[in-house]
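So the chains spell out like this:
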Amino acid sequence: MEGHEICYEPDDRYNAFLTTCKKATYGPGKLTGVAVAIKDNISTRGIETTCASKILKGYIPPYDAHVVELLRQSGAAIVGKTNMDEFGMGTTTENSAFGPTLNPCDTARVPGGSSGGSAAAIAGGMVRMALGTDTGGSIRCPAAFCGIVGLKPTYGRVSRYGLIAYANSLEQIGPMGRSVTDVSTLMGVIAGYDRRDSTSYNKPYTHTPCADVKGLKVGIPGEYFGTGVDPKVATVVNTAIGRLEELGATTVPCSIPSMEYALAAYYVTCTCEASSNLARFDGVRYGPAADSKKSWHDAYREVRRAAFGTEVRRRIMLGTFALSSGYYGKYYAKAQVARENVKKDFARLFSEVDVIAGPTMPTVAFKLGEKSDPLSMYLSDILTVPVNLAGIPAISVPCGKVEGMPVGLQIMGRPFEDERVIDVAYAYEQVVT
Amino acid sequence: MVTEHEVTHIAELADVGINTAELGTFTHQFNAILEYFDMLDQVRGEQAFTRDLCNVLREDVVEPSLSQEDVLRNAAHTEDGFIKAPRVM
């Protein structure tokens, strides 16, 4: 079987792909011949990897990310690299240096982000499954906006080796697909220990989804249905939770008081980590050439100003400011306290309930260009970032529509209980399809 | 409140460059975002501490890695097997 290839030339009307592999080879294995798309911040040997940034235009990684090695070993055909917000910084995929991706459900709207290309490629029928990455909701948001399934695994469960880092303490690679079964299958391929990621945890995923939720206790946090959440979205999600009750689950009202500070804690943490991570892009070892006749700072600044997008420069500057002398205690240290409070709130709740459910996003997909102010864009991540701060698993599964656009039901679970959130999503999916 | 002067200084520290046309917008947006971040002043609780975690280290021994050719392939300027960088002084 080694050396088989498929011819892949999709009609990419949504700008979901940055690179497609016309001839994609595959071998034997669990995913033999299945076309899989990879988000463009995951390294693929011999295939251009740009993070949707001009600063990596032309960069051909000399090695595969761990997850890509595993996909190749499983027989998958890697058919292309998907569009995204530059370095994962965004909620709409409009921050790509190579143009926005369109939402296949309504091309006047965004697909969500930052893994918008992966979600659109699945929703548009171009691939069955894809990899995304989730730093503050970047798998779950586009899954919700495009009407597909996306899992943000427990931190440590999937190796980050070969993922081009943006905010190491928050981000995870995860599976996206048309169905919970596909997401579970892909998770089975990519999860497991890797010594090259020092945060890797040895817990492979060998689960088959099971639709039994009898006796399951589902926490319903008031904060997920409060201010800022579109009442029509809340109604659709409440109806979906009602279906889980019909299947034998019981719901328990609960509260996550630390959510008040979660978004600020998240943005301080991720911009600080970004300011450090993105210092490596200097136009010297890869990317557009720095002028070697100029002095270091002049050459470096020139390349970075020209090749980084506005949002990337904004976040690097915010992080630099928050870590600068005199401000560290006010911003970064306080954000870590707020982060610990989020973890404690989840730990307390998970001693009383098995999973927590709510909407994935407060609204349906925005119109292209609708959110131009950075702070109002950040605020739309409020329901997804707590999961990343706590490192817990969460899945988004389609649960209905508002004004013709898909709504996602988010199921959050205890650390390393990815299997359980998959099961709950699977149970829901079985009753509605 | 951060001033345009401070934003210019941060852009210098971060080596991302800034021009006068964008300075006003960046400063305005920074102030809105930092005002939002200021709510963290109200946070009560203890700094996270490390539990049940250990450093993951390996022995410092040579292992197979990428070839010099592979490593240099993406660099714009190379010379005699080295990467050529802008002058530091």
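Residues numbered from 1 in each chain as written. Chains lettered and ligands numbered in written order. Predicted model: local features only at pLDDT ≥ 70, side-chain atom pairs only at ≥ 80, totals over all residues.

(A) Representation of the overall build of chain A. A count of helical and extended segments in chain A gives 12 helices and 13 strands. The globule rule puts the C-alpha radius of gyration for 433 residues at 22 Å, and the 20 Å found for chain A is close to it. Considered along the principal axes of its C-alpha atoms, chain A spans approximately 70 × 60 × 45 Å. Evaluated residue by residue, chain A yields a buried proportion of 60% over its 433 residues. Looking at chain A alone, contacts between residues at least 24 apart form 75% of all its contacts between residues at least 6 apart. (Helix = DSSP H or I, 4+ residues; strand = E, 2+ residues; numbered from the N terminus. Rg over C-alpha atoms; globule rule 2.2 N^0.38 Å. Buried ≥ 20, exposed ≤ 12 C-beta atoms within 10 Å, placed from the backbone. Contact = placed C-beta atoms within 7 Å.)

(B) Inspection of the overall build of chain B at higher detail. Of regular secondary structure, chain B possesses 3 helices and 2 strands. Reading chain B from its N end, one meets helices and strands in the order α-α-α-β-β. Rg of the C-alpha trace for chain B: 23 Å, well past the compact-globule value of 12 Å for 89 residues, more than 25% over. Principal-axis analysis of the C-alpha atoms places the extent of chain B at approximately 50 × 50 × 25 Å. The buried share of chain B, taken over its 89 residues, is 15%.

(C) Just helix α6 (residues 259–277) of chain A, in detail. Between its first and last C-alpha, α6 of chain A extends 27 Å over 19 residues, near the 27 Å set by a 1.5 Å rise per residue. The buried count for α6 of chain A comes to 16 of 19 residues, which makes it a mostly enclosed element. (Expected span 1.5 Å × (residues − 1).)

(D) Inspection of the packing of helix α4 (residues 180–190) of chain A against helix α12 (residues 418–432) of chain A at higher detail. Residues and elements named next belong to chain A. Remark: α4 packs on α12, axes separated minimally by 9 Å, with the N-to-C direction vectors making an angle of 160°. With respect to α12, the axis of α4 lies roughly antiparallel. In the crossing of α4 with α12, the sense of the turn from one axis to the other is left-handed. Residues V180, S184 and M187 of α4 pack against D418, I422, A425, Y426 and E429 of α12. In terms of residue class, the contact of α4 with α12 is made up of 5 nonpolar, 1 polar and 2 charged. (Axes fitted to C-alpha atoms, helices over the stretch in contact; angles between N-to-C directions. Parallel < 35°, antiparallel > 145°, perpendicular 65-115°, else oblique. Left-handed = near helix turned anticlockwise from the far one by under 90°. Nonpolar A, V, L, I, M, F, W, Y, C, P; charged D, E, K, R; others polar.)

(E) Region of the structure containing the sheet that holds strand β9 (residues 217–221) of chain A. Residues and elements named next belong to chain A. In spatial order, the strands read β2-β5-β4-β6-β8-β7-β12-β13-β11-β9-β10; together these 11 strands make up an open sheet with mixed pairing. Taken across any chain shown, the strands that pair with only one partner, and hence form the sheet edges, are β2 (17–20) and β10 (250–254). The average undirected angle you get between the axes of adjacent strands in this sheet is 30°. As judged from the 5 bridges shared by strand β4 (residues 35–39) and strand β5 (residues 77–82), these two strands associate in the parallel manner. (Pairing = 2+ DSSP bridges.)

(F) Region of interest: the environment of I190 of chain A. All names here are of chain A. Mapped onto the secondary structure, I190 falls in helix α4. On the neighbour-count criterion, I190 (23 C-beta atoms within 10 Å) is buried. Not counting the four nearest positions on each side in its chain, I190 is found in contact with V67, L70, V158, I173 and P175.

(G) Up close: the interface of chain B and chain A. The interface is formed by 35 residues belonging to chain B together with 47 residues belonging to chain A. Residue assignment for the side of chain B that touches chain A shows that the elements contributing at least two residues are α1 (4–13), α2 (20–37) and α3 (68–72) of chain B. With 6 residues, the single largest contributor to the side of chain B that touches chain A is α2 of chain B.

(H) Structural detail: unusual backbone geometry. Residue and element names in this part refer to chain A. Note the cis peptide between G113 and S114, where omega equals 10°. One non-glycine residue with positive phi stands out, namely F416, at about 65°. Among the secondary structure elements, F416 is positioned in the loop between β13 (405–413) and α12. On the basis of neighbour counts, which here come to 18 C-beta atoms within 10 Å, the residue F416 falls in the partly exposed class.

(I) Structural view of the nonpolar core. Residues and elements named next belong to chain A. Core analysis: the largest hydrophobic core is formed by 150 residues, its most contacted members being V36 and A425. Considering each element in turn, this core owes the most residues, 12 residues, to α6. Judged by nonpolar contacts, the second largest core, of 5 residues, contains V284, A290, Y300 and V303. (Core = buried A, V, L, I, M, F, W, Y, C linked by C-beta atoms within 7 Å.)

(J) Spotlight on helix α5 (residues 231–246) of chain A. Residue and element names in this part refer to chain A. The end-to-end C-alpha distance of α5 is 23 Å, a good match for the 22 Å that 16 residues give at a rise of 1.5 Å each. Of all the residues in α5, the buried ones are V233, V236, V237, A240 and L244. In a view along the axis of α5, the buried residues occupy a sector of 100°, so they form one face of it. Opposite the buried face of α5, by more than 90 degrees, sit the exposed residues P231, G242 and E246. Tucked inside the fold, the buried residues of α5 contact β9, β11 (355–359), β12 (394–402), β13 and α12. (Arc of directions from axis to C-beta.)

(K) Here's a closer look at the pairing of strand β6 (residues 129–134) of chain A. All names here are of chain A. Among the 6 residues that make up β6, 6 are buried, leaving the element largely enclosed by the rest of the structure. A two-sided burial pattern is seen for β6, the buried positions comprising M129, L131 and T133 on one face and A130, G132 and D134 on the other. The sheet contact formed by β4 and β6 spans 3 bridges and is parallel. Counterpart to I38 in the pairing with β6 is L131. Strand direction decides the pairing type here: β6 and strand β8 (residues 172–177), joined by 6 bridges, are antiparallel. The residue bridging M129 from the neighbouring strand is G177, located in β8.

(L) Main features of the packing of α6 of chain A against helix α8 (residues 310–322) of chain A. Residues and elements named next belong to chain A. Where α6 meets α8, the closest approach of the two axes is 7 Å, and the angle between their N-to-C directions is 100°. One way to sum up the angle between α6 and α8 is to call them roughly perpendicular. For the pair α6 and α8, contact is made by V268, T271, C272, A274 and S275 and by R315, I316, L318, G319, T320 and A322, respectively. Among the residues forming the contact of α6 with α8, the class breakdown is 6 nonpolar, 4 polar and 1 charged.

(M) Region of interest: the confidence of the model for chain B. With 97% of its residues at a pLDDT of at least 70, chain B reaches an overall mean of 92. This prediction of the complex comes with two scores: 0.97 for pTM and 0.95 for ipTM. (pLDDT = per-residue confidence, 0-100.)

(N) Expanded view of the environment of T185 of chain A. All names here are of chain A. With respect to the secondary-structure elements, T185 resides in helix α4. Residue classification places T185 among the buried residues on the basis of 21 C-beta atoms within 10 Å. Residues T185 and A143, spaced 42 residues apart in sequence, show a C-alpha to C-alpha distance of 17 Å.

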